[in-house]
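Listed here are the chains, written in short residue letters.
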Amino acid sequence: MEWFTLTIDGREVCVPKGTTVLEACSLNNIPIPTLCHNPELTPSGSCRLCVVQIEGMRNLPPACATQVTQGMKVETQTSKVRNARKMILELLVASHPLDCMTCQKLGSCLLAKYAYEYGVKGNVFQGEKHDLPIDDTNPYILRDLNKCILCGKCIATCEAVSERNVIGFAYRGFKTKVATFMDTDLKDSACVYCNRCVSVCPVGALMDRSMIGKGREWELTTEEVTCTFCESGCKFNLNFKNGKMVGVTAKAAANGRPLCLKGRIGSDLRYNPERTARPFVKQDGEFVQVTWGEFLGLGDILEKINSQA
């Protein structure tokens, strides 16, 4: 393996050839803010928050999409870099709802985290705000596109599953948004509610409806479990508040396998002793509640077991 030596903030480090500047910083515990990056997805450089200053380059390139070269000199915290990041955050916050106190994402919202770090208060730019209807037409995902920052992570993770590709960017300019085909509600699309998109959303635009009101980020502890409803072994998080199980959320799909609704909801049934509400499935375009046996493909086995318990 070929290795490159570079300097980051005056510190000499060595990384393998093909490493990006963002990865080089991560490997050496040098913090770089980013909203659109996910190590499982192809770097897009869309949010531009990870810009750095590199000797010999006129502009500030995104660290996530810039590969390391031999002898490269990188600065991550110059005034030019920090001012650029702050301006990006100001522009994002300008059209973002400032209802952080009541937002379910408070405590885990990356936009709020970086706005605090860079002193962004949302009072620099004044103008039109988004006023899009909240999509709560399905029982699994709450979509508030007024909070969307157009990072594209939800689109990329959905496109990563060949048979899905349910959402994409629609419209232009200020009206740009993430939409389903023909901009319908999620319930009228081909969405299978695997919640891959929810797991990568950095803000409160996509929320797992089963967790709303169950607790804030700092109130919850998580335990990773491996799904056993098929042989793939996808990962889910068990969420606890004050030692009590409150829900199961999506974490990551197994290699070569997409997440599925059956795995997430089935895991909730398995690990959540207070899970009593029956799941929903779509029939003839509408969501209806079915028995657990029907949902898990077990017929009336569960009902017989419960009746004998």
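Residues numbered from 1 in each chain as written. Predicted model: local features only at pLDDT ≥ 70, side-chain atom pairs only at ≥ 80, totals over all residues. Heavy atoms only, no water.

Outline the overall build of the protein chain, listing residues and values.
Of the regular secondary structure elements, the protein chain holds eight helices and 13 strands. Computed over the C-alpha atoms, the radius of gyration of the protein chain is 22 Å, within 12% of the 19 Å expected from 2.2 N^0.38 for a compact globule of 309 residues. If you line up the protein chain on its principal axes, its C-alpha atoms span 75 × 50 × 40 Å. By residue count, 46% of the 309 residues in the protein chain fall in the buried class. Sequence-distant contacts in the protein chain: of pairs separated by 6 or more residues, those separated by 24 or more amount to 57%. Split by element, the accessible area of the protein chain, about 16800 Å² in all, is 52% carbon and sulfur. (Helix = DSSP H or I, 4+ residues; strand = E, 2+ residues; numbered from the N terminus. Rg over C-alpha atoms; globule rule 2.2 N^0.38 Å. Buried < 20%, exposed > 50% of the residue type's maximum accessible area, 1.4 Å probe, protein only. Contact = heavy atoms within 4.5 Å. Areas by Shrake-Rupley, 256 points an atom, 1.4 Å probe, with all protein chains shown as cover.)

A description of the side chain of D144 should follow, citing residues and the corresponding values.
As for its placement among the helices and strands, D144 is situated in the loop between β5 (141–143) and α4 (153–159). Nearest to the buried, unbridged D144 among oppositely charged side chains is K147, at 4.1 Å. Within the structure, D144 has its side chain in polar contact with the side chain of N146 (distance 3.0 Å). Residue contacts for D144: discarding those within four places in its chain leaves I134, G204 and A205. (Lys, Arg positive; Asp, Glu negative; His and termini not counted. Salt bridge = Lys/Arg side-chain N within 4 Å of Asp/Glu carboxyl O. Polar contact = N/O pair within 3.5 Å; in protein donor to acceptor, adjacent residues only side chain to side chain.)

Now, about unusual backbone geometry: what can you tell me, with residues and values included?
Trans peptide bonds make up most of the peptide bonds, and negative phi angles are found at most residues other than glycine. The phi dihedral of L150 falls on the positive side, at around 60 degrees, and the residue is not glycine. Within the secondary structure, L150 sits in the loop between β5 and α4. What makes L150 partly exposed here is its relative accessible area of 31%. Phi is positive for Y171, close to 70 degrees, though the residue is something other than glycine.

Before we move on, can you summarise the nonpolar core with the specific residues and values?
Counting residues in each nonpolar core, the largest one holds 40 residues, and the members touching the most others are L35, L111, I141 and Y193. Broken down by secondary-structure element, the contributors of at least two residues to this core are α2 (79–94), α3 (110–117), α4, α5 (196–200), α6 (261–271) and α7 (292–296). If you tally residues by element for this core, the top one is α2, at four residues. Leaving out residues up to four positions away in the same chain, L35 has contacts with C47, L49, L92, L110, L111, Y114, I149, C151, K153 and P202. If you look at the next biggest cluster of nonpolar residues, it comprises 19 residues, including F4, V13, L22 and I30. (Core = buried A, V, L, I, M, F, W, Y, C linked by side-chain atoms within 4.5 Å.)

Explain the packing of aromatic side chains to me, using residue names and the numbers behind them.
The tally for this structure, following the rule as stated, stands at four aromatic pairs. Their ring planes at 45 degrees and their centres at 5.8 Å tell us that Y140 and Y193 sit as a pair that is tilted. Placement of Y140 in the loop between α3 and β5 and of Y193 in the loop between β7 (177–180) and α5 is noted, with a sequence separation of 53 residues between them. For Y140, a relative accessible area of 6% corresponds to the buried category. Residues W292 and F295 carry aromatic rings whose centres are separated by 6.0 Å and whose planes lie at 85 degrees to one another, so their mutual orientation is edge-to-face. Remark: F295 and W292 occur in helix α7; sequence separation between them is three residues, near one turn of the helix. Relative accessible area serves as the criterion here: at 9%, W292 is assigned to the buried category. Grouped by ring-pair contacts, the aromatic residues Y140, Y193 and F287 constitute a single cluster. (Phe/Tyr/Trp six-rings, centres within 6.5 Å; stacked < 30°, edge-to-face > 60°.)

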